[in-house]
Amino acid sequence: MIKNLDYIDEEVYLKEKSLFFNESWILAAHKNELLNNNDFVTFEYYGNKIFIQNFNGTIKSFQNVCLHRFNTIHEEPYGNRVSSCLYHNWTYGKKGNVVGLMCRNSFERDHINELKLKEYEVAFCGDFVFLKLNEKLDKSLQQYLGNIFTPLQEISKHFGAKTIDYTIEHKVNWKLLVENVLECYHCTSVHENSFAKMGFGSVKPEKFDFFDAHSWCEFPKGEDVKPNKIIEKSLAGRTFKTQGYLHFYLYPNAFISSVEGKGFYFGFMLPESPSKTNLRVRYFSSKFEKELSESEQNIIDFINNSSNDSLDLVLNEDKKIVENIQSNLVNFKDHSPIFGDEEFRILKFYEYFNKQKNKNRYNESI
Ligand code: FES
Ligand SMILES: [Fe+2]
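Residues numbered from 1 in each chain as written. Chains lettered and ligands numbered in written order. Predicted model: local features only at pLDDT ≥ 70, side-chain atom pairs only at ≥ 80, totals over all residues.

As annotated in an unreviewed UniProt entry, the protein is Rieske domain-containing protein from Flavobacterium johnsoniae. As its UniProt record puts it under Cofactor (unreviewed entry), the protein is described as follows: "Fe cation". (UniProt positions renumbered as here; feature names shortened; annotations may be inferred.)

So, in structure tokens, the structure goes:
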């Protein structure tokens, strides 16, 4: 059973942090963000700065801190440039070694040759890029994802170009964000003018699956929603046409979703403290069977812009509620939230998560 204290307590937060690091592969990027030589993506995970980069066609991941005097190598969340530190221009190669530096002779050669950035193992599920932060974790990505691997691999192939990438700060514990996306019980009330209008939330999900704390679920669309003919026609050539709202949770910190294959959301959760979590928001266009003409592309750009606006609205509607909850929990530390049948994915998540926590407690005591 989860206690409200678990959402605010520093000690609980630190225990969860070690679980996140030691037992997990994390979904950190999509290959479409790393298509060209020197494309990179960065993020900060529990204070650890990490980058992923295309080095002449090979995708690698390293600590994002220079070994000279510890400046950050890539400052931006994404971009395209060689991995050189901007303080004194030390440049790193695909093995994480120093491949270029000014006044090389002023340093002891052997020492420089030995230097290497800390590297993180990269593995792929289709076009999704996962990282293993703990080199001792003895589990392949396939084992980690279990029966979620195949549906995730399938959806990854339908992502088009990235259209947005920004971060929203939430004054909440990370678990409140997980709970919030694992049910659509709140969709008709909180998202009355956005999600519910599109026809989601009133029909119970029929298709879903679980593996450990990971899950996916498809929420069917209500029948009384009139399709927008222009949008339907413009998106008719997309490669992925699911019927409803498809949602994946990849434990511990990634969410993938799509409304009828008309674009793809990738949420990436970065806990900062017991009561602060950053949510990185990325959205990808659909992929099409054949190349679009300029005028077709203009219409798709317009549709993508309005999808980004709707996503922003939905995220802010949720943010307001979860921040309210977080502020109330301090006065109800010994209480617990109540989860009903509609919240079955949350229950599955805690079933696994609490088991892991207890296992860790056991390991600590022996
Ligand atoms: S700190 Fe990076 S080159 Fe000096
Ligand atoms: Fe929501």
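Now, onward.
With that settled, the discussion passes to the overall build of the protein. Secondary structure summary: the protein contains nine helices and 16 strands in total. Radius of gyration (C-alpha) of the protein: 22 Å, near the 21 Å computed for a compact globule of 366 residues. Considering only C-alpha atoms, the protein reaches an extent of 75 × 60 × 35 Å along its principal axes. Buried positions account for 33% of the 366 residues belonging to the protein. The contacts of the protein with a sequence gap of at least 6 include a subset with a gap of at least 24, amounting to 63%. (Helix = DSSP H or I, 4+ residues; strand = E, 2+ residues; numbered from the N terminus. Rg over C-alpha atoms; globule rule 2.2 N^0.38 Å. Buried ≥ 20, exposed ≤ 12 C-beta atoms within 10 Å, placed from the backbone. Contact = placed C-beta atoms within 7 Å.)

Before going further, it helps to spend a moment on the domain arrangement of the protein. Segmenting the protein into domains produces domain 1 (1-23 + 147-366) and domain 2 (25-136). Taken over C-alpha atoms, the centre of domain 1 sits 28 Å from the centre of domain 2. Opposite the 22 residues of domain 1 that make contact, domain 2 presents 17 residues. Broken down by secondary-structure element, the contributors of at least two residues to the side of domain 1 that touches domain 2 are helix 1 (10-22), helix 4 (149-156), strand 10 (159-170), strand 15 (264-273) and strand 16 (276-286). Broken down by element, the side of domain 1 that touches domain 2 gets its largest block of residues, five residues, from helix 4. For the side of domain 1 that touches domain 2, the residue count by class is 12 nonpolar, four polar and six charged. (Domains from an automatic or database assignment. Nonpolar A, V, L, I, M, F, W, Y, C, P; charged D, E, K, R; others polar.)

Look at the UniProt record and you will see "domain: Rieske" (unreviewed entry) annotated at residues 26-131. Spanning residues 26-131, this segment combines 6% helix with 42% strand, and its end C-alpha atoms are found 5 Å apart.

Moving on: the pairing of strand 13 (residues 245-250). Counting buried positions along strand 13 gives six out of six residues, so the element sits mostly inside the fold. Covered by surrounding structure in strand 13 are Tyr245, His247 and Tyr249 together with Leu246, Phe248 and Leu250, the residues of both alternating faces. In this sheet, strand 13 lies alongside strand 12 (residues 214-219) in antiparallel orientation, the contact comprising five bridges. What sits directly across from glutamate 218, in strand 13, is leucine 246. In terms of strand pairing, strand 13 meets strand 14 (residues 254-259) through six bridges, oriented antiparallel. Directly across from tyrosine 245, in strand 14, lies its bridge partner valine 259. (Pairing = 2+ DSSP bridges.)

On to the nonpolar core. Counting 69 residues, the largest nonpolar core has Ile26, Ala28, Ile52, Phe130 and Ile256 as its most contacted members. A domain-level breakdown of this core finds at least three residues from each of domain 1 (1-23 + 147-366) and domain 2 (25-136). In this view, isoleucine 256 contacts Ile155, Phe248, Phe264, Tyr265 and Phe266; residues no more than four positions away in its chain are not counted. (Core = buried A, V, L, I, M, F, W, Y, C linked by C-beta atoms within 7 Å.)

All right, on to the packing of helix 5 (residues 174-181) against helix 8 (residues 294-329) then. Where helix 5 meets helix 8, the axes come as close as 10 Å, and the angle between the chain directions of the two elements is 130 degrees. Relative to helix 8, the element helix 5 is oriented oblique. Once helix 5 is placed against helix 8, the crossing between them reads as right-handed. From helix 5, Leu176, Leu177 and Asn180 reach across to helix 8, where they touch Asp318, Val322, Ile325 and Gln326. Here the residues of the contact of helix 5 with helix 8 are counted per class, giving four nonpolar, two polar and one charged. (Axes fitted to C-alpha atoms, helices over the stretch in contact; angles between N-to-C directions. Parallel < 35°, antiparallel > 145°, perpendicular 65-115°, else oblique. Left-handed = near helix turned anticlockwise from the far one by under 90°.)

The buried fraction of strand 1 (residues 25-30) is high, at six of six residues. Summarising the sheet, strand 1 and strand 9 (residues 128-132) pair through five bridges and their orientation is antiparallel. Opposite isoleucine 26, over in strand 9, you have leucine 131 as the bridge partner.

The sheet built from seven strands is open, its strands ordered 10-16-15-14-13-12-11 with antiparallel pairing. In this open sheet, the two strands that pair with only one neighbour each are strand 10 and strand 11 (207-211). Between one strand axis and the next, the sheet turns through 15 degrees on average, direction left out of account. Relative to the sheet, helix 8 contacts strand 10, strand 15 and strand 16, its axis offset from that of strand 10 by approximately 25 degrees.

Turning next to the sheet that holds strand 5 (residues 78-80). Ordered by their spatial adjacency, seven strands build an open sheet running 1-9-8-4-3-2-5, and the pairing between neighbours is antiparallel. Both outer strands of the open sheet, strand 1 and strand 5, are each paired with one neighbouring strand and no more. Across the sheet, the axes of successive neighbouring strands diverge by a mean angle of 30 degrees, strand direction being ignored. With respect to the sheet, helix 4 is in contact with strand 1, strand 8 (119-125) and strand 9, its orientation differing from that of strand 8 by roughly 85 degrees.

The complete set of buried residues in helix 4 reads Leu152, Ile155 and Ser156. For helix 4, the angular spread of the buried residues around the axis is 105 degrees, confining them to a single face. (Arc of directions from axis to C-beta.)

Moving on to unusual backbone geometry. The omega torsion of the bond from tyrosine 251 to proline 252 falls at 5 degrees, within 30 degrees of zero and hence cis. Mapped onto the fold, proline 252 is located in the loop between strand 13 and strand 14. Of note in this structure, asparagine 38 is not a glycine but carries a positive phi near 75 degrees. Mapped onto the elements, asparagine 38 comes out in the loop between strand 1 and strand 2 (39-45). For asparagine 89, which is not a glycine, the phi torsion comes out positive at approximately 65 degrees. Position of asparagine 89 among the secondary structure elements: in the loop between strand 5 and strand 6 (91-92). Taking the number of C-beta atoms within 10 Å as the measure of exposure, asparagine 89 has 13 and is therefore partly exposed.

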